[in-house]
Amino acid sequence: IARETGQPLSVAILDIDDFKKYNDLYGHLQGDQLLKKFGNLLKMEAEENHFLVARYGGEEFSLIMPNTPQSEAMTFLNQLRKKTNNTPFDGVQILPYGCLSFSGGIAEWEKETYDASALLNKADMAAYNAKDQGKNMVRIYSHQSDYSAQQSLNLENDIAEAEQQLKIFLSKDVYTYRHSKRVYQYAIDFSKKLQLNDQERKTLMLGALVHDIGKLEIPREILNKKGKLDPDEWAIMKKHVTWGKEIISTDKTHSDLIPLVELHHERYDGNGYPYGLKGDNIPKLARILCILDSFDAMTTERPYQKTKSFEEAIEELKNCAGTQFDPVLVAEFINMIKVNYSLKDCVEGLNQGTG
């Protein structure tokens, strides 16, 4: 169709996260019911936009989106992701995020695309990348994407070591582990955007992986509590940055990560913790990590808050520029999200200031 009409055409692959765990616990009959309910939700949303949807195999679904460039497809998929997170499904409280989620990949037809299977394969690769980077996210296939960016810095050993430390989370807080992997991916992308030197890139990427390691010391009932934390619980939660510093300090080879672990909750206006540092007194990489950490926290389901769409999260970033976030760095990050994730018109008026 796209070849004949010249109109844009995008396809997407959606892979339900942690479906095997759900199936193993509840059995195939309830697993089939979950697939059916999610399929009905997907079909309803697709038909409203004149998209075609089909079961692609197992827990995967495919979408064909005529007259839709990848930027609009990305907007649709992120809205669908948010709705999926917020829709009640029987038994999903046992899943890592306490809700149903999916990893999605998008590919847009190009002149050099030779057949439908090649296009679907690109979308599948992007979906796999989304799953590999922490799940509950959507990625667009790009020829320029470096899905193994750490190799360019010869970081294989350091990354593997950091991941080994993070895997401790799997027995206590899978959400934090996956959150850290997604923040790590944002760190890869944003370090390129800012043209950081090799040492800064390495520090930011490793810091993104281990920034919440202090949460190992937080009781599980506080980490997974539904609803708002009380003052005593919040005081304990805030100690994770200090405990994280103590854990990282045991390995002298990673002393450069300490500012990122300890200071990523400092605010540009001086109202953060643990020290109330202000403006440029907060190290640059910690100011960057604050933005990456906050953006992922807003756009991913947590026990105590509903998911924001990328557009809603960007509005929050803009509203908090100059208060919570470095205004120059947050403007650069918003521009990167617009380009890398093809969010159409999400930063309209950015050149007039970010607040």
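Residues numbered from 1 in each chain as written. Predicted model: local features only at pLDDT ≥ 70, side-chain atom pairs only at ≥ 80, totals over all residues. Heavy atoms only, no water.

Asks: Help me out: how do you make sense of the nonpolar core in this one?
Replies: Side chains of a nonpolar character, in soluble globular proteins, are inclined to be buried together. If you look at the biggest cluster of nonpolar residues, it comprises 75 residues, and the most contacted ones within it are L14, F38, L63, L77, F295, F333 and I337. Of all the elements, helix α13 (residues 284–299) adds the most residues to this core, at 8 residues. For F295, the residues in contact, after removing those within four places along its chain, are Y186, F310, A313, I314, L317, F333 and I337. Formed by 9 residues, the second largest nonpolar core is a distinct cluster that contains L9, A123, A126 and Y141. (Core = buried A, V, L, I, M, F, W, Y, C linked by side-chain atoms within 4.5 Å. Buried < 20%, exposed > 50% of the residue type's maximum accessible area, 1.4 Å probe, protein only. Helix = DSSP H or I, 4+ residues; strand = E, 2+ residues; numbered from the N terminus. Contact = heavy atoms within 4.5 Å.)

Asks: Looking at this model, I keep getting lost on the side chain of T68. Mind explaining?
Replies: Tracing the sequence through the fold places T68 in the loop between β3 (60–66) and α4 (70–86). What makes T68 buried here is its relative accessible area of 3%. When sequence neighbours within four positions are dropped, the list of residues in contact with T68 reads P8, L9, S10, F51 and A73.

Asks: How should the state of the cysteines be read in this particular structure?
Replies: Note: disulfide means a covalent bond formed between the sulfur atoms of two cysteine side chains. Under the defined criterion, the tally for this structure stands at 0 disulfides. A disulfide-free cysteine, C290 has its sulfur positioned 9.5 Å from the sulfur of C320, the nearest such atom. According to the relative accessible area criterion, C290 is buried, its value standing at 4%. (Disulfide = S-S within 2.5 Å.)

Asks: Got a minute to help me understand α4 in this structure?
Replies: In an α-helix there are 3.6 residues to a turn, and that puts residues three or four apart on one side. Relative to the 24 Å expected for 17 residues at 1.5 Å per residue, α4 spans 24 Å between its end C-alpha atoms, a close match to the ideal helical length. Burial analysis of α4 places 12 of its 17 residues in the buried class, the great majority of the element. Turning to α4, its buried residues number three or more, namely S71, A73, M74, T75, F76, L77, N78, L80, R81, K82, T84 and N85. (Expected span 1.5 Å × (residues − 1).)

Asks: I keep staring at the pattern of salt bridges and nothing clicks. Help me out?
Replies: Any two side chains of opposite charge can pair, so long as their charged atoms come close to each other. Tallying each qualifying case throughout the model produces 19 salt bridges. A salt bridge links D17 to K131; its shortest N-O distance comes to 2.8 Å. In this pair, D17 sits in the loop between β1 (9–16) and α2 (19–26) while K131 sits in helix α5 (residues 116–132), placing the two residues 114 residues apart along the sequence. (Salt bridge = Lys/Arg side-chain N within 4 Å of Asp/Glu carboxyl O.)

Asks: Where do I start with unusual backbone geometry in this structure?
Replies: Both trends apply: most residues other than glycine have a negative phi, and most peptide bonds are in trans. Put simply, Y273 and P274 share a cis peptide bond, and its omega is 15°. Relative to the assigned elements, P274 resides in the loop between α12 (258–263) and α13. The phi angle at K135 is positive, at roughly 70°, despite the residue not being glycine. Classification of K135 by relative accessible area gives buried; the value is 15%.

Asks: Just checking my understanding: could you explain the side chain of R287 for this structure?
Replies: Tracing the chain through its elements places R287 in helix α13. Residue R287 is classed as buried on the basis of its relative accessible area, which comes to 14%. A polar contact of 2.6 Å, which involves the side chain of R287, links it to the side chain of D326. If sequence neighbours within four positions are ignored, R287 has contacts with Y268, G279, D280, I282, D326 and L329. (Polar contact = N/O pair within 3.5 Å; in protein donor to acceptor, adjacent residues only side chain to side chain.)

Asks: Would you mind going over the pairing of β1 with me for this structure?
Replies: Note on strand geometry: in a regular strand, side chains alternate between the two faces of the sheet. Within β1, 8 of the 8 residues are buried, which leaves it mostly tucked inside the rest of the structure. Residues L9, V11, I13 and D15 point to one face of β1 and S10, A12, L14 and I16 to the other, with burial holding for every one of them. As judged from the 7 bridges shared by β1 and β3, these two strands associate in the antiparallel manner. Bridging across to β3, S10 finds its partner in M65. Pairing geometry for β1 and strand β4 (residues 102–108), over 7 bridges, is antiparallel. By the bridge assignment, D15 is partnered in β4 with S103. (Pairing = 2+ DSSP bridges.)

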